[in-house]
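Listed here are the chains, written in short residue letters.
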Amino acid sequence: MRSHEPGPEPDPDDIGVPTLRLDDPPELLAYLPFRLGFLPQESLVLLAIRAEPGGGPEIGVVARVDLADLSRPGLALGEHLLRQLAMDGAVAVFAAVYTESSWPAVLSGRGAAGAALAWWLAQSPLAHPTRTWLVGNRYYRCIECMSSHCCPPAGQPVDGLTNARIRASLVYQGESYVASRADLLPDLRCAATDRRTAAGAATRERRRRERLTGADLTHWRADMRARWRRLLGAATPGAERRATQEVLADIPAAEYGHLLAGLEDTQVRDAILLSVAAVTRIEDPADADSSRILEAVFTGDLMPDQAALAMAEAALVAVAAHAATARAAPALATLAWLAWWNGDGARADVLVTAALERDPLHRLARLLRHVVDRAVAPGWARREHSATA
């Protein structure tokens, strides 16, 4: 696992998934932030290597955990990580401890990074010192190396990873990652006048909702679903090729207020979630067809549709941006569910945290907090071996 020989240059005509050399640690280290969507900090990252029948080794699940959380009582994250690797069929694992702690302290088992490293190395045969690396902001190194060329005393400069073949290939394909996990939170900026207008409309809509029962309530929910479909239609690129954000900015602020109130109704919210998951129109989340869709979500019989997810996320971000701070939890929790459904545990975690900061008692956010903390992947990800956390 110490080969530092450069691989071939990326083929500009190859627009498929780039080949990743599993015997080249710098290539793997350059790949991990792209797979996670952000540059890890104070984290243990595990990349599973599977042996496919009749074929060679291939990349499996990539799992990440905060160093401080690994030993937190009650979470049992270590056991969850090991189960995730076992379910994925890992025969070996490439591990990276991202930390700014001094390497002598880490190697001697001190601090959260040292404890995480010691825990991981005890997980033989998956763990092995030659497949375990330390990564700081400026340097990286393997933990057991006899070659000064591989790892000089200060380690190899992290800047050198920008020259990795896999990075060039991924950048060519338009892939990128953000500088930190906090940057996964979408931009929720909104003009103060628009936010006030939306808040007024939301307040009126809530008062209207409180007075409704029976058929009138059913009609109100149908109206909320119709408003969502219209907003989703606006978020879908049209023939005029205007940018999605530009189109959404033209939607009257009051319309976002109506939807903010609509998302506070669990039946409206669940219908929206199921419609995005199944890419179909959902009227009643309690009917038989919706129950089958919900079952397919959790069993893995239903896969995410990336185009539908992208449009729904753009629309929900616009809704959340128009919310007063204390009223943003429903939209943020709905966004978190979409991120979880897409296998993006890191983004789901950031969104759940933001939702709970605004409303610590929000039920969907609290449920997702439990799911994300325990690294529970959606059904399709468990089946397809492709989730990240």
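Reading the values: rules and limits
Residues numbered from 1 in each chain as written. Predicted model: local features only at pLDDT ≥ 70, side-chain atom pairs only at ≥ 80, totals over all residues. Heavy atoms only, no water. Helix = DSSP H or I, 4+ residues; strand = E, 2+ residues; numbered from the N terminus. Buried < 20%, exposed > 50% of the residue type's maximum accessible area, 1.4 Å probe, protein only. Contact = heavy atoms within 4.5 Å. Areas by Shrake-Rupley, 256 points an atom, 1.4 Å probe, with all protein chains shown as cover. Pairing = 2+ DSSP bridges. Axes fitted to C-alpha atoms, helices over the stretch in contact; angles between N-to-C directions. pLDDT = per-residue confidence, 0-100. Expected span 1.5 Å × (residues − 1). Polar contact = N/O pair within 3.5 Å; in protein donor to acceptor, adjacent residues only side chain to side chain. Core = buried A, V, L, I, M, F, W, Y, C linked by side-chain atoms within 4.5 Å. Phe/Tyr/Trp six-rings, centres within 6.5 Å; stacked < 30°, edge-to-face > 60°. Lys NZ or Arg CZ within 6 Å of the ring centre and 35° of its normal.

## Considerations on the overall build of the protein
Part 1 of the reasoning: For the protein, the helix and strand inventory stands at 17 helices and 6 strands.
Part 2 of the reasoning: Within the protein, the proportion of its 389 residues that are buried is 51%.
Part 3 of the reasoning: Sequence-distant contacts, at least 24 apart, represent 66% of the contacts inside the protein between residues at least 6 apart.
Part 4 of the reasoning: Carbon together with sulfur atoms contributes 53% to the accessible area of the protein, which is approximately 18,600 Å² in total.

## Remarks on the sheet that holds strand S5 (residues 139-142)
Part 1 of the reasoning: An order of S2-S1-S3-S4-S5-S6 is seen for the 6 strands of this open sheet, with the pairing classed as mixed. The open sheet has two edge strands, strand S2 (57-66) and strand S6 (156-157), and neither has a second partner.
Part 2 of the reasoning: Two strands pair when backbone bridges link them, and strand S3 (residues 90-98) and strand S4 (residues 132-135) are joined in this way by 4 bridges, in the parallel orientation. Residue pairing in the sheet places Ala-96 in a bridge with Trp-133 of S4.
Part 3 of the reasoning: Contacts from helix H3 (residues 77-87) reach strand S1 (43-51), S2 and S3, with the element oriented near 165° to S2.

## Topic: the confidence of the model for the protein
Part 1 of the reasoning: Predicted confidence across the protein gives a mean pLDDT of 83, with 87% of residues reaching 70 or more.
Part 2 of the reasoning: Confidence over residues 1-17 falls short of pLDDT 50; this stretch has 36 contacts with residues more than four positions distant or in other chains.
Part 3 of the reasoning: A low-confidence stretch, residues 385-389 stays under pLDDT 50, and its non-local contacts, those more than four residues away or across chains, total 27 contacts.

## As for the pairing of S2
Two faces, one strand: in a regular strand the side chains alternate between the faces of the sheet.
Part 1 of the reasoning: In terms of burial, S2 is a largely internal element, 7 of the 10 residues being buried.
Part 2 of the reasoning: Relative to S2, S1 runs antiparallel, the two sharing 8 bridges. Paired with Leu-47 across the strands is Val-62, a residue of S2.

## Quick word on helix H14 (residues 329-341)
Part 1 of the reasoning: In this model H14 runs 18 Å from its N-terminal to its C-terminal C-alpha over 13 residues, within 8% of the 18 Å that 1.5 Å per residue would give.
Part 2 of the reasoning: Counting buried positions over the 13 residues of H14 gives 13, a clear majority of the element.
Part 3 of the reasoning: Backbone geometry just after H14 places Gly-343 at a positive phi near 80°.

## Some thoughts on the side chain of His-258
Part 1 of the reasoning: Summarising the element assignment, His-258 is placed in helix H10 (residues 253-263).
Part 2 of the reasoning: Among the polar contacts listed, one links the side chain of His-258 to the side chain of Glu-205, at a separation of 2.6 Å.

## A short note on the nonpolar core
Part 1 of the reasoning: Membership of the largest hydrophobic core comes to 63 residues, with the highest contact counts inside it found for Trp-228, Leu-231, Val-319, Leu-332, Trp-337, Leu-338 and Trp-341.
Part 2 of the reasoning: Here this core takes 11 residues from H14, the largest share from any one element.
Part 3 of the reasoning: Non-local contacts of Trp-337, meaning those with residues more than four positions away in its chain, are made with Leu-273, Ala-277, Val-297, Leu-364 and Leu-368.
Part 4 of the reasoning: Counting residues in hydrophobic clusters, the runner-up holds 30 residues, among them Leu-32, Val-45, Ala-92 and Trp-133.

## Observations regarding the packing of aromatic side chains
Part 1 of the reasoning: By the definition in use, this model includes 5 aromatic pairs.
Part 2 of the reasoning: Judged by centre distance (5.9 Å) and plane angle (40°), the rings of Trp-133 and Tyr-140 are tilted. Tyr-140 carries the same exposure label as Trp-133, and that label is buried.
Part 3 of the reasoning: Ring geometry for Trp-337 and Trp-341: centres 6.0 Å apart, planes at 20°, overall stacked. Of this pair, Trp-337 and Trp-341 are both found in helix H14, 4 residues apart, which corresponds to roughly one turn of the helix. Both residues of the pair, Trp-337 and Trp-341, count as buried.
Part 4 of the reasoning: Taken together, Trp-337, Trp-340 and Trp-341 form an aromatic cluster joined through their ring pairs.
Part 5 of the reasoning: The ring of Trp-220 has Arg-209 lying over it, and the distance from NZ or CZ to the ring centre is 5.7 Å.

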